[in-house]
Amino acid sequence: MASMEGLIGLMNRIQRACTALGDHGGEGADLPTLWESLPTIAVVGGQSSGKSSVLESIVGRDFLPRGSGIVTRRPLVLQLHQIDKGAHEYADFLHLPKTRFSDFALVRQEIADETDRVTGKTKQISPVPIHLSIYSPNVVNLTLIDLPGLTKVAVEGQPESVVHDIENMVRSYVEKPNCIILAISPANQDIATSDAIKLSKEVDPSGERTFGVLTKLDLMDKGTNALDVRLNLPALTNNLSFICKFNLVLSGLPRLFSFPPKVLEGRAYRLQFPWVGIVNRSQADINRKVDMIAAREKEREYFENSPDYAHLSSRMGSVYLAKLLSQHLEAVIKARIPSITSLINKTIDELESELDTIGKAVAADPGAQLYTILELCRAFDRVFKEHLDGGRSGGDKIYGVFDHKLPAAFRKLPFDRYLSVQNVKKVVSEADGYQPHLIAPEQGYRRLVEAGLAYFKGPAEATVDAVHVVLRDLVRKSIGETEPLRRFPTLQAAIATAANEALERFREDGRSTALRLVDMEAYLTVEFFRKLPQDPDSGSKVGNPNESNGSGSGSVTVDRYGDGHYRNIASNVSQYIKMVGDQLLHKIPKAVVHCQVREAKRSLLNHFYVHIGKKEASQFGHLLDEDPAMLERRQQCWKRLELYKSARDEIDSVAWTR
């Protein structure tokens, strides 16, 4: 297997890459996150639990900001790198990659300043981590995430929601199955009230991911006489009044009955891993700036010489805690490497597939830009033709106009009213002028036919307009369905404008052609008049057919101006109009298809191509302005893809031995 240094160093480099590329979990849920699949150690504890002192003891340096209230307001990813003994120790931040800090007082100040850069000086909190690496011969290879301390009350300048905000942030880290929880609890408080243990029990009820750390053990012994009270209590059970007074005294003191030995031996609250006791520097030691290496030695002596903890001294102290965590982290990383590798390979494939869908970035060369524009136009044109030719839905609506709407419109034309006896008589009479017609009212026929045919113009124009609406809708749908075109809203608008302008020209051509077809039918040939009946029907006879006309011949007198005569004219005109209507039902669709549909397929973007050819090369880039959301999405995907490929390379670079 790989060495511990190789494995932990591997995770360190991948975590740094994650943070640099914006992947620190929680945010950007729509993008794959590698951070949440990496093994991490999260340091959890309430305020004043000694959390900062534990971290400084592990590092062997004063480097964390101190103060009242909530000091840690952003997660601190602390990566420890062991270097050769005698080498110069230093620290660096991910946000200041070219700056090395040898003075750890400056490290403390930079943590505070970087926190304020994101959160401001308003004591707000932020989930965006600070990334700090420390290189020292006095540390083991280890990565810890220092989280804001759990609190129950908001301080001045903070919203009331900060209590829940901090808990939610801490919970978002520790609830992940890959997170190792370092739960810090002070020994001078009842373990049952520990904020860290309470939270770890919720997210890790079996305790298999939790390491318990008990701090401030020295404060339990000094000046409290807690051990003396525990030892002498049985001897006092016969003195009831003393017991009552003793209980009153205890009620004013912290609860001391979760005695450290019971906790450290795993009898008060059992975890899968042994508890570790820590003796931090006192405030006086901090004020005197006692050397951390000397403080470690003092801590070791405390456990070795303590009558309560001497039997546990080999697994007590910050040095032991650091080694324990490092060994466990190495084991967890080794176990997770196969699943992490599988996740990385799968996600790389998904990101590359999405980038193929989004498309490559636009070239800067004008020639390449023009080629891209023409390719996008051709892609749109292919989709548009597929709609018309049946490859996609939409073209059938044009047939619906011809097969349903046009015949229905013809059937609704008011020819019955127009060719009523009263109207025919009126039109014929007006056409005769002062000379009544003798045989056939030729002018009356012409006027009746011309005016009757005019009724067909409305349905003809409506058909042209209906097909135009269908074509416009297909243009809109085709633009939306042309995948490569979605990136470029400016080009989309330009193509839509050019296509709709072309459709308007085709519509005008279709309208004029359809109306011309109607007008052509107003020309009456002589054949039509020859076929007209010369005698009125029997309904036009007047008088008694048995009466003589005065000559005794018995002939009938005919009234050419009776209602029967005009009904006959109306019938003749109706027959002609019906004949023309039947022909127009076939001719109008042909005209529309020829002038609108056919031209849309052949030359929808011809004018646009001409317009593009006249543009300056510098204007091509404007047409290829991308949708900002799509541009941002591509950049995010590229960053994540870079992260995952980098992580894959990091894993491959570790020297594995079998």
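Residues numbered from 1 in each chain as written. Predicted model: local features only at pLDDT ≥ 70, side-chain atom pairs only at ≥ 80, totals over all residues. Heavy atoms only, no water.

Side note on the overall build of the protein
Then, in step 1: Summing up its helical and strand segments, the protein has 24 helices and nine strands in all.
Then, in step 2: The buried share of the protein, reckoned over its 658 residues, is 47%.
Then, in step 3: Of the contacts formed within the protein by residues at least 6 apart in sequence, a portion of 81% connects residues at least 24 apart.
Then, in step 4: Accessible surface computed for the protein: about 33,200 Å², of which carbon and sulfur atoms make up 53%. (Helix = DSSP H or I, 4+ residues; strand = E, 2+ residues; numbered from the N terminus. Buried < 20%, exposed > 50% of the residue type's maximum accessible area, 1.4 Å probe, protein only. Contact = heavy atoms within 4.5 Å. Areas by Shrake-Rupley, 256 points an atom, 1.4 Å probe, with all protein chains shown as cover.)

What about the nonpolar core?
Then, in step 1: Within the largest apolar cluster, 94 residues are counted, with the highest numbers of intra-cluster contacts made by Leu34, Phe63 and Leu132.
Then, in step 2: The element best represented in this core is helix α12 (residues 318-358), accounting for 14 residues.
Then, in step 3: Grouped together as the second largest cluster of nonpolar side chains are 67 residues, Val464, Leu485, Tyr566 and Tyr576 included. (Core = buried A, V, L, I, M, F, W, Y, C linked by side-chain atoms within 4.5 Å.)

Points about the confidence of the model for the protein
Then, in step 1: Of all residues in the protein, 82% attain a pLDDT of 70 or more, and the chain-wide mean is 80.
Then, in step 2: By mean pLDDT, helix α7 (residues 226-232) is the weakest element of the protein at 31, and helix α18 (residues 457-481) is the strongest at 95.
Then, in step 3: Across residues 221-258, confidence stays below pLDDT 50; counting only partners more than four residues off in sequence or on other chains, it has 24 contacts.
Then, in step 4: In the predicted structure, residues 536-558 sits below a pLDDT of 50 and forms 14 contacts with residues beyond four places in sequence or in another chain. (pLDDT = per-residue confidence, 0-100.)

A closer look at helix α4 (residues 162-174)
Then, in step 1: Helix length check: α4, at 13 residues, gives a terminal C-alpha distance of 18 Å against a target of 18 Å (1.5 Å per residue), a fit within 8%.
Then, in step 2: Among all positions of α4, only Val162, Val163, Ile166, Met169, Val170, Tyr173 and Val174 are buried. For α4, the angular spread of the buried residues around the axis is 135 degrees, confining them to a single face.
Then, in step 3: Buried residues along α4 sit in contact with β1 (40-45), β6 (142-146), β7 (179-186) and α5 (195-203). (Expected span 1.5 Å × (residues − 1). Arc of directions from axis to C-beta.)

As for the pairing of strand β2 (residues 76-82)
Then, in step 1: Of all seven residues making up β2, six are buried, and the element is well covered by its neighbours.
Then, in step 2: Relative to strand β5 (residues 130-136), β2 runs parallel, the two sharing seven bridges. The residue of β5 that forms the bridge with Leu76 is Ile130.
Then, in step 3: Where β2 meets β6, five bridges bridge the pair, whose relative direction is antiparallel. Across the sheet, residue Leu78 finds its bridge partner in β6, namely Leu144. (Pairing = 2+ DSSP bridges.)

Here's the deal with the packing of aromatic side chains
Then, in step 1: The final tally for this structure, using the stated rule, is 11 aromatic pairs.
Then, in step 2: Aromatic side chains Phe410 and Phe456 sit 4.8 Å apart centroid to centroid with 55 degrees between the ring planes, which places their arrangement in the tilted category. Of this pair, Phe410 sits in helix α14 (residues 396-411) while Phe456 is found in the loop between α17 (442-453) and α18, placing the two residues 46 residues apart along the sequence. Each member of the pair Phe410 and Phe456 is classed as buried.
Then, in step 3: Summarising the aromatic geometry, the rings of Phe415 and Phe456 are spaced 5.5 Å apart at their centres and angled 55 degrees between planes, so their arrangement reads as tilted. One end of the pair, Phe415, is in helix α15 (residues 415-418); the other, Phe456, is in the loop between α17 and α18, and 41 residues separate them in sequence.
Then, in step 4: Linked through ring pairs, Phe410, Phe415, Tyr418, Tyr455 and Phe456 together constitute an aromatic cluster.
Then, in step 5: Seen from the ring of Tyr90, Arg100 lies directly overhead, with NZ or CZ sitting 4.0 Å from the centre. (Phe/Tyr/Trp six-rings, centres within 6.5 Å; stacked < 30°, edge-to-face > 60°. Lys NZ or Arg CZ within 6 Å of the ring centre and 35° of its normal.)

Observations regarding the pattern of salt bridges
Then, in step 1: All chains considered together, the criterion is met by 31 salt bridges.
Then, in step 2: A salt bridge links Arg171 to Glu202; the shortest N-O distance between them is 2.8 Å. Residue Arg171 is located in helix α4, and its partner Glu202 is located in helix α5; the two are separated by 31 residues in the primary sequence.
Then, in step 3: Of the charged contacts in the structure, one is a salt bridge between Glu483 and Arg486, with a shortest N-O distance of 3.4 Å.
Then, in step 4: The class for Arg486 is partly exposed, based on a relative accessible area of 38%.
Then, in step 5: Through salt bridges with shared partners, a single network forms among Glu461, Asp465, Glu504, Arg507, Glu508 and Arg511. (Salt bridge = Lys/Arg side-chain N within 4 Å of Asp/Glu carboxyl O.)

Some words on the pairing of β7
Then, in step 1: Most of β7 is tucked away: eight of the eight residues are buried.
Then, in step 2: The two faces of β7 match: Cys179, Ile181, Ala183 and Ser185 on one face and Ile180, Leu182, Ile184 and Pro186 on the other face are all buried.
Then, in step 3: Where β7 and strand β8 (residues 210-215) come together, six bridges link them in parallel fashion. If you follow Pro186 over to β8, its bridge partner there is Thr215.
Then, in step 4: After leaving β7, the chain enters α5 and then returns to the sheet as β8, a path that is right-handed. (Right-handed = clockwise from strand over helix to strand, strands pointing away.)

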